[in-house]
Amino acid sequence: MGLIETFGIVFVLEAADAMMKTADVELIGYENVASGYISVLVQGDVAACKAAVDAGVKAVERMDASVYSSLVIPTPHPDLEKITKIYAIDNLLP
C-alpha cells in the first residue's frame, strides 16, 4: 500500500496521475483529511508501490509544492482494509 498526503486537490491529482502512470498500482481512493490536506492511496506489490510513491512525490515537488507525508506499507495487515475501504472510489460516488 502506498500513500501520499499533500495540500490541495490539484497537487494530489498530479501525484495520483504520476503514481498510476509510473507503476502497476490500483487506486484505492482518497480522503480530504483536514483543512485542505488530502491523502491518496494506492495498492499493488511492494516495488510498484515504492515506484509509484516516489513518482508522486517528485510530481508534487516539480509543481513547487510540498508533500506533507508519504508512506509505503509492505504487506499491510488485512485488517487495514477496514479503514481504507471507506476511502474507496466506489464509496465516494453517488
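Please read these numbers as outputs of a predicted model, since none were measured by experiment.

Participant: When you look at the packing of aromatic side chains in this model, what are you seeing that I'm missing?
Facilitator: Each aromatic ring pair is specified by the distance between its two centres and by the angle formed by the two planes. A full pass over the atoms with the stated rule returns two aromatic pairs. Measuring from ring centre to ring centre gives 5.2 Å for F7 and Y37, while their planes differ by 75°; the resulting arrangement is edge-to-face. Here the residue F7 occupies a position in strand β1 (residues 2-7), and Y37 occupies one in strand β3 (residues 37-43), the gap between them amounting to 30 residues. A residue is classified by how much of its surface remains accessible, and F7, at 45% relative accessible area, is partly exposed. A relative accessible area of 31% means that Y37 is categorised as partly exposed. One aromatic cluster is present, formed by F7, Y37 and Y68 through successive ring pairs.

Participant: Hey, could you run me through the environment of V67 in this one?
Facilitator: Here V67 lies in strand β4 (residues 67-72). Judged by relative accessible area, V67 falls into the partly exposed class, the value being 21%. Considering only alpha carbons, one finds V67 and V57, 10 residues apart in sequence, at a separation of 6.5 Å. Not counting the four nearest positions on each side in its chain, V67 is found in contact with I4, E5, T6, V57 and V60.

Participant: Is there a simple way to explain the packing of helix α1 (residues 9-22) against helix α2 (residues 46-62) in this structure?
Facilitator: Helix packing geometry: the angle between the two helix axes and the distance between the axes. Interaxial distance between α1 and α2 falls to 7 Å at its minimum, and their mutual angle equals 140°. The angle between the axes of α1 and α2 places the two elements in the oblique class. Seen along the crossing, α1 lies across α2 with a hand that is right-handed. Mapping the contact onto sequence places F11, E14, A15, A18, M19 and T22 in α1 and A51, A52, V53, A55, G56, A59 and V60 in α2. Within the contact of α1 with α2, the residues separate by chemical class into 10 nonpolar, two polar and one charged.

Participant: Explain unusual backbone geometry here, please?
Facilitator: A negative phi angle characterises most non-glycine residues, just as the trans form characterises most peptide bonds. The backbone phi angle of D64 is positive, close to 60°, even though this residue is not glycine. Judged by relative accessible area, D64 falls into the exposed class, the value being 73%. Notably, T75 is not glycine yet its phi reads approximately 45°, a positive angle. The topology assignment puts T75 in the loop between β4 and α3 (81-84). Classification of T75 by relative accessible area gives exposed; the value is 71%.

Participant: Just checking my understanding: could you explain the pairing of β3 for this structure?
Facilitator: Remember that side chains alternate between the two faces of the sheet whenever the strand is regular. Most of β3 sits inside the fold, with five of its seven residues counted as buried. Here seven bridges tie strand β2 (residues 26-34) to β3, and the two strands are oriented antiparallel to one another. Within β3, the residue paired with G29 across the bridge is L41. Remark: two residues form the turn of the hairpin made by β2 and β3, two consecutive strands paired antiparallel; S35 in that turn has positive phi of roughly 50°.

Conventions used here
- Residues numbered from 1 in each chain as written.
- Predicted model: local features only at pLDDT ≥ 70, side-chain atom pairs only at ≥ 80, totals over all residues.
- Heavy atoms only, no water.
- Phe/Tyr/Trp six-rings, centres within 6.5 Å; stacked < 30°, edge-to-face > 60°.
- Helix = DSSP H or I, 4+ residues; strand = E, 2+ residues; numbered from the N terminus.
- Buried < 20%, exposed > 50% of the residue type's maximum accessible area, 1.4 Å probe, protein only.
- Contact = heavy atoms within 4.5 Å.
- Axes fitted to C-alpha atoms, helices over the stretch in contact; angles between N-to-C directions.
- Parallel < 35°, antiparallel > 145°, perpendicular 65-115°, else oblique.
- Left-handed = near helix turned anticlockwise from the far one by under 90°.
- Nonpolar A, V, L, I, M, F, W, Y, C, P; charged D, E, K, R; others polar.
- Pairing = 2+ DSSP bridges.

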